[in-house]
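# Geometric and topological summary
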Amino acid sequence: GAVVSQHPSRVICKSGTSVKIECRSLDFQATTMFWYRQFPKQSLMLMATSNEGSKATYEQGVEKDKFLINHASLTLSTLTVTSAHPEDSSFYICSARPTNTGELFFGEGSRLTVL
Amino acid sequence: RKEVEQDPGPFNVPEGATVAFNCTYSNSASQSFFWYRQDCRKEPKLLMSVYSSGNEDGRFTAQLNRASQYISLLIRDSKLSDSATYLCVVILGNKLVFGAGTILRVKS
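Here is a short report on the structure shown in this document. Note that this is a predicted model, so its numbers are computed, not measured.

### Digging into the side chain of arginine 37 of chain A
Residues and elements named next belong to chain A. With respect to the secondary-structure elements, arginine 37 resides in strand 4 (residues 32-38). It turns out arginine 37 is buried and unbridged, and the closest side chain with the opposite charge, aspartate 88, is 4.7 Å from it. Not counting residues within four places of it along the chain, the set of residues in contact with arginine 37 comprises Ser43, Leu44, Met45, Met47, Phe67, Ser90, Phe91 and Tyr92.

As structure tokens, then:
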């Protein structure tokens, strides 16, 4: 079945640094990818919809200048957390669907810890 | 009101029990519905899609009631390995909305 790969799975960084997370669709092309964030014991919250070749669509309350999304190819989307702070520590997950109504496949997730 | 609401649980059940989870959604224009399973500190994985006619996959049965805007998941003969968080997911347009999840703990 379709596979979405996410890297790195775990990252620890100092406050003020930037962290880049990659999301790849391995056996299908994804014009749209989704980025979610999940805090402990809470549900996944959609942060933004990444659109290949155009600007991402951000959900209300998500700072687009802080969470930079680039979707330069049909198989790769990146999320960069700029000037990370401890409150940005979370589980970030990307997802994509081979078709508009089919199954949503998730990356393995990236656990970010900001010291 | 949340777009997708679930009882957070936890549901603590013995092995072999039958357990049912409910989910309600607020937007009648919602198009597709799924149940996902999420194990601790892992990504969610699709458990099953939910259709108006109801669908069954082994010990799992999912049902959708569009009139009441209600989705259910029934697990029969619970196994220890069923312990997880079950997420109700609703698609509205190009957007997927997740419920907060229901925690299931199956104990021997």
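### Looking at the interface of chain B and chain A
When the parts come together, some accessible area is lost, and that loss is often what is quoted as the size of the interface. The interface is formed by 16 residues belonging to chain B together with 21 residues belonging to chain A. Here chain B and chain A share an interface that buries about 1,500 Å² over both sides, 54% of which is from carbon and sulfur atoms. Where chain B touches chain A, the interface holds 0 salt bridges. Scanning the region where chain B abuts chain A turns up 2 residue pairs in polar contact (both at pLDDT 80 or more). Looking at the side of chain B that touches chain A residue by residue, the classes come out as 9 nonpolar, 3 polar and 4 charged.

### Section: the sheet that holds strand 3 (residues 19-25) of chain B
Residues and elements named next belong to chain B. The strand order across the open sheet formed by 5 strands is 1-3-8-7-6, and the pairing between neighbours is antiparallel. At either end of the open sheet lies a strand with only one pairing partner, and these are strand 1 (4-6) and strand 6 (55-57). The sheet shows a mean angle of 15° between the axes of neighbouring strands, taken without regard to direction. The pairing of strand 7 (residues 60-65) with strand 8 (residues 70-75) spans 6 bridges and is classified as antiparallel. Considered in strand 8, the bridge of phenylalanine 60 is made with isoleucine 75.

### Thoughts on the pattern of salt bridges
Within the structure shown, the criterion is met by 7 salt bridges over all chains. The closest approach of N and O atoms between aspartate 88 of chain A and lysine 66 of chain A, which form a salt bridge, is 2.8 Å. Here lysine 66 of chain A lies in the loop between strand 6 (57-58) and strand 7 (67-73) and aspartate 88 of chain A lies in the loop between strand 8 (76-81) and strand 9 (90-96), a separation of 22 residues in the sequence. By relative accessible area, which is 5% here, aspartate 88 of chain A ends up buried. Notably, a salt bridge pairs arginine 37 of chain B with aspartate 39 of chain B, separated by 2.9 Å at the nearest N-O pair. Residue aspartate 39 of chain B is classed as partly exposed on the basis of its relative accessible area of 32%.

### Let's talk about unusual backbone geometry
The step from histidine 7 of chain A to proline 8 of chain A runs through a cis peptide bond, and the omega angle for that step is 0°. As for its placement among the helices and strands, proline 8 of chain A is situated in the loop between strand 1 (4-7) and strand 2 (10-13). Glycine 9 of chain B connects to proline 10 of chain B through a cis peptide bond whose omega is 5°. By the secondary structure assignment, proline 10 of chain B is in the loop between strand 1 and strand 2 (11-14). In the Ramachandran plot, serine 83 of chain A falls in the positive-phi region, its phi being about 45° despite a non-glycine side chain. Assignment of secondary structure puts serine 83 of chain A in the loop between strand 8 and strand 9. One non-glycine residue, glutamine 69 of chain B, lies in positive phi territory at about 55°. Along the polypeptide, glutamine 69 of chain B turns up in the loop between strand 7 and strand 8.

### Here's the deal with the environment of isoleucine 12 of chain A
All names here are of chain A. Relative to the helices and strands, isoleucine 12 resides in strand 2. Judged by relative accessible area, isoleucine 12 falls into the exposed class, the value being 58%. For isoleucine 12 and arginine 111, which are 99 residues apart along the polypeptide, the C-alpha to C-alpha distance reads 8.4 Å.

### Thoughts on the nonpolar core
Membership of the largest hydrophobic core comes to 25 residues, with the highest contact counts inside it found for Val4, Trp35, Phe67, Leu79, Tyr92 and Leu112 of chain A. The set of elements that each furnish at least two residues to this core consists of strand 2, strand 3 (19-25), strand 4, strand 5 (45-51), strand 7, strand 8, strand 9 and strand 11 (110-114) of chain A. Dropping the residues within four chain positions of it, tyrosine 92 of chain A is found in contact with Gln6, Ile21, Tyr36, Arg37, Met47, Phe67, Leu79, Gly109, Ser110 and Leu112 of chain A. Core analysis: the next-biggest nonpolar cluster, separate from the first, contains 24 residues, Cys23, Phe60, Ala62 and Val106 of chain B among them.

Conventions used here
- Residues numbered from 1 in each chain as written.
- Chains lettered and ligands numbered in written order.
- Predicted model: local features only at pLDDT ≥ 70, side-chain atom pairs only at ≥ 80, totals over all residues.
- Heavy atoms only, no water.
- Helix = DSSP H or I, 4+ residues; strand = E, 2+ residues; numbered from the N terminus.
- Buried < 20%, exposed > 50% of the residue type's maximum accessible area, 1.4 Å probe, protein only.
- Lys, Arg positive; Asp, Glu negative; His and termini not counted.
- Salt bridge = Lys/Arg side-chain N within 4 Å of Asp/Glu carboxyl O.
- Contact = heavy atoms within 4.5 Å.
- Buried area = accessible area lost by both parts, 1.4 Å probe.
- Polar contact = N/O pair within 3.5 Å; in protein donor to acceptor, adjacent residues only side chain to side chain.
- Nonpolar A, V, L, I, M, F, W, Y, C, P; charged D, E, K, R; others polar.
- Pairing = 2+ DSSP bridges.
- Axes fitted to C-alpha atoms, helices over the stretch in contact; angles between N-to-C directions.
- Core = buried A, V, L, I, M, F, W, Y, C linked by side-chain atoms within 4.5 Å.

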